[in-house]
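# Structural features, examined
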Amino acid sequence: MQLREGFMMVLSTRLPLIVQCLLSLFVTTSLSAPIIITRETFKTCRRGAFNGVPADCCPPKFIQGPIVDFSPKYNPSKPLRVRKALQCLTGKELTIYTEKLQRGYALMRALPDDDPRSFKRQNEIHCAYGTGPFIQNASANLTLDIHLNWFFLPWHRMFIYFHEKILQTLLKDPNFTLHFWNFDSSVTLSTSERPGCFKAGHFFPPMYLDPSKSTFEPNRTYRAFEPSRPVDLSFDATQWNPLGGVPPVFPNYTLEEQVWRNGATMYKSVVSSSNASSFIGKPFRAGDVQIVDPTIAAGNSEKWPHISVHMWIGGLMYLAQTSPRDPIFYHLHANVERIWDLWHKLGDGRADPSDPDWLDAEFLIWDEKKVMRRVKVRNVLDIKTLGDTFENVNDASWICFQNSTSTTPSNCSSTKTSMYQSRLRDSCLFRGTE
Ligand SMILES: [Cu+2]
């Protein structure tokens, strides 16, 4: 019996939940040891599956050359690369960035399939870690997955980090950054006391819509092609049955309703997640059977808005075995990383796990020089040590969310919200629609 984990909305494709829970009680032989990926993991890679669709994405079984430990080389005297909000790029900066991004993906797509930096292989490594082909410590019964548990955020940060490095190398530009799709910002402010981007970002970024360019993906749903349709962050994929054969249905809310729902979702996911378990996800250790239910083990950072945005875009983004083949994947995840950073800043117990089974978990991933790197979770927890930081954006639009149906400007009067705002050095003045 295969007890592997899938992506998120896959619970109905596997065992009934009650059976999974019972199995996890009786079968789990948790060693209280971290998950460690080794050469053996690659050697024993086998077919995976997702939503009943086979996933044939094992990387080469024999890792050539040495495996080199990764440790971030942080140089405080060197300026950080600033990941910016896509919706605020204008003029020459927008033209140059769009051209670079499209050239970077054209170069990546042109790499041969045996190059681990190629666009195809980038997808495959995510698929191998995310559809069950890897098994734990040579145990034929226990698979592992970097979704639906506490590895979601750190594993994707590793992946995005090396993906950004590969683009830098291909473009011969060490300062190239993967800017973020700031889908959670629903309000435009005409003035702000601080530098940053204060424009709504909830529309699909137009730079990905040119069919002649390498950043285009034709299988996205119509939603991504409607320029005035805001993304729906509130869609609950945990309630969608992927076996029904019917794509998820997104209601047609008015802009005002959608902004309200998005604000409520972001508040629920980030501000209301007051501890690591609720935001980062539940533990997953060597010997654990992964529970295939996003409502149990996945953190809110994975469920909302991340899964909602995957579903809203649709096409290749529906499935774990194909989602990185849509270039928007990387900009969606750059924003998920930014939201993780923001969650830390809210404080009040919002801190990463200190459990060594999380911190010392090890993953293997190829770098920009085609060298296999051994990366521990503890190596990627501070984005600054990886050389990146994020532009300020209008998080106030949802941090100030108050549970009312009013969409008129709010002055964020509650003590707690004001406290969060002062921590973020923000001026929380408006929550209305554009
Ligand atoms: Cu993923």
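Just so we're clear, the structure is a prediction, and the values are computed from it rather than from any experiment.

### Notes on the coordination of the copper ion
Within the protein, the atoms that donate to the copper ion are H126 (NE2), H147 (NE2) and H156 (NE2), at distances of 2.1 to 2.2 Å. In terms of primary sequence, the donors binding the copper ion are separated according to H-x20-H-x8-H. In this pair, H126 is assigned in helix α4 (residues 119-130) and H156 in helix α5 (residues 152-171), connecting sequence segments 30 residues apart. A relative accessible area of 3% means that H156 is categorised as buried.

### As for the state of the cysteines
Evaluated as defined, the whole model comprises 3 disulfides. One disulfide in the model links C57 with C127; its S-S distance is 2.1 Å. On the S-S bond that ties C57 to C127, the torsion sits near -70 degrees, and the link is left-handed. Pair noted here: C57 is in the loop between β2 (53-55) and β3 (67-69) and C127 is in helix α4, with a separation of 70 residues, a long-range link.

### Overview of the pairing of strand β6 (residues 372-376)
Where β3 meets β6, 3 bridges bridge the pair, whose relative direction is parallel. Across the sheet, residue V68 finds its bridge partner in β6, namely R373. The pairing of strand β5 (residues 362-366) with β6 spans 5 bridges and is classified as antiparallel. Bridged to F363 within β6 is V375. Hairpin connection between β5 and β6: a loop of 5 residues separates the two successive antiparallel strands, and K370 in this loop has a positive phi of roughly 70 degrees.

### Things to note about the nonpolar core
Judged by nonpolar contacts, the single largest core of 90 residues is most densely connected at F42, Y129, F151, W181 and F363. In terms of residues, this core owes the most to one element, α5, which gives 12 residues. Those residues in contact with F151 that sit more than four places away from it in its chain are I35, I146, H156, F284, D357, W358, A361, F363 and V377. One finds A334, I383, F390 and V393 within the second-largest nonpolar core, a separate group that totals 7 residues.

### Overview of the packing of α5 against helix α9 (residues 328-346)
Closest axis-to-axis distance for the α5/α9 pair is 10 Å, and the angle between their directions is 125 degrees. By the angle between their directions, the pair α5 and α9 is classed as oblique. The chirality of how α5 crosses α9 is left-handed. Together, F152, L153, P154, H156, R157, F159, I160 and H163 of α5 and F329, Y330, H333, V336, E337 and W340 of α9 make up the contact between the two elements. In the contact of α5 with α9, the residues fall into 9 nonpolar, 3 polar and 2 charged.

What counts, and at which threshold
- Along each chain, the written sequence defines residue order, and numbers are assigned to residues from 1.
- Thresholds applied to this predicted model are a pLDDT of at least 70 for local features of residues and 80 or more for the giving and counting of side-chain atom pairs; totals over whole chains, interfaces and linings are not thresholded and use all residues.
- Hydrogens are left out, water is left out, and the side-chain values use all remaining heavy atoms of the structure.
- For Na, K and Ca the donor cut-off is 3.2 Å, and for all other metals it is 2.8 Å, counting N, O and S atoms only; because water is absent from this set, sites may look incomplete.
- We count a stretch as a helix when DSSP gives it H or I for four or more residues in a row; a strand needs E for two or more, and each element gets its number in order from the N terminus.
- Each residue's exposure class comes from its accessible area (1.4 Å probe, protein chains only) as a fraction of the maximum for that residue type: buried when under 20%, exposed when over 50%, partly exposed otherwise.
- Here, two cysteine sulfur atoms that lie within 2.5 Å of each other are counted as a disulfide.
- Strands are labelled as partners when DSSP assigns at least two bridges between them.
- To define a nonpolar core, start from buried Ala, Val, Leu, Ile, Met, Phe, Trp, Tyr and Cys residues and group those joined through side-chain atoms within 4.5 Å.
- Two residues qualify as a contact provided that any one of their heavy atoms is within 4.5 Å of a heavy atom in the partner residue.
- The angle between two axes is taken between their N-to-C directions and runs from 0 to 180 degrees, where each axis is a line fitted to C-alpha atoms and a helix contributes only its stretch in contact.
- Here roughly perpendicular refers to angles of 65 to 115 degrees, roughly parallel to angles under 35, roughly antiparallel to angles over 145, and oblique to all remaining angles.
- Helix crossings fall into two classes, left-handed where the near helix is turned counterclockwise from the far one by less than a right angle and right-handed where it is turned clockwise.
- Nonpolar residues are Ala, Val, Leu, Ile, Met, Phe, Trp, Tyr, Cys and Pro. Charged residues are Asp, Glu, Lys and Arg, and all others, Gly as well, are polar.

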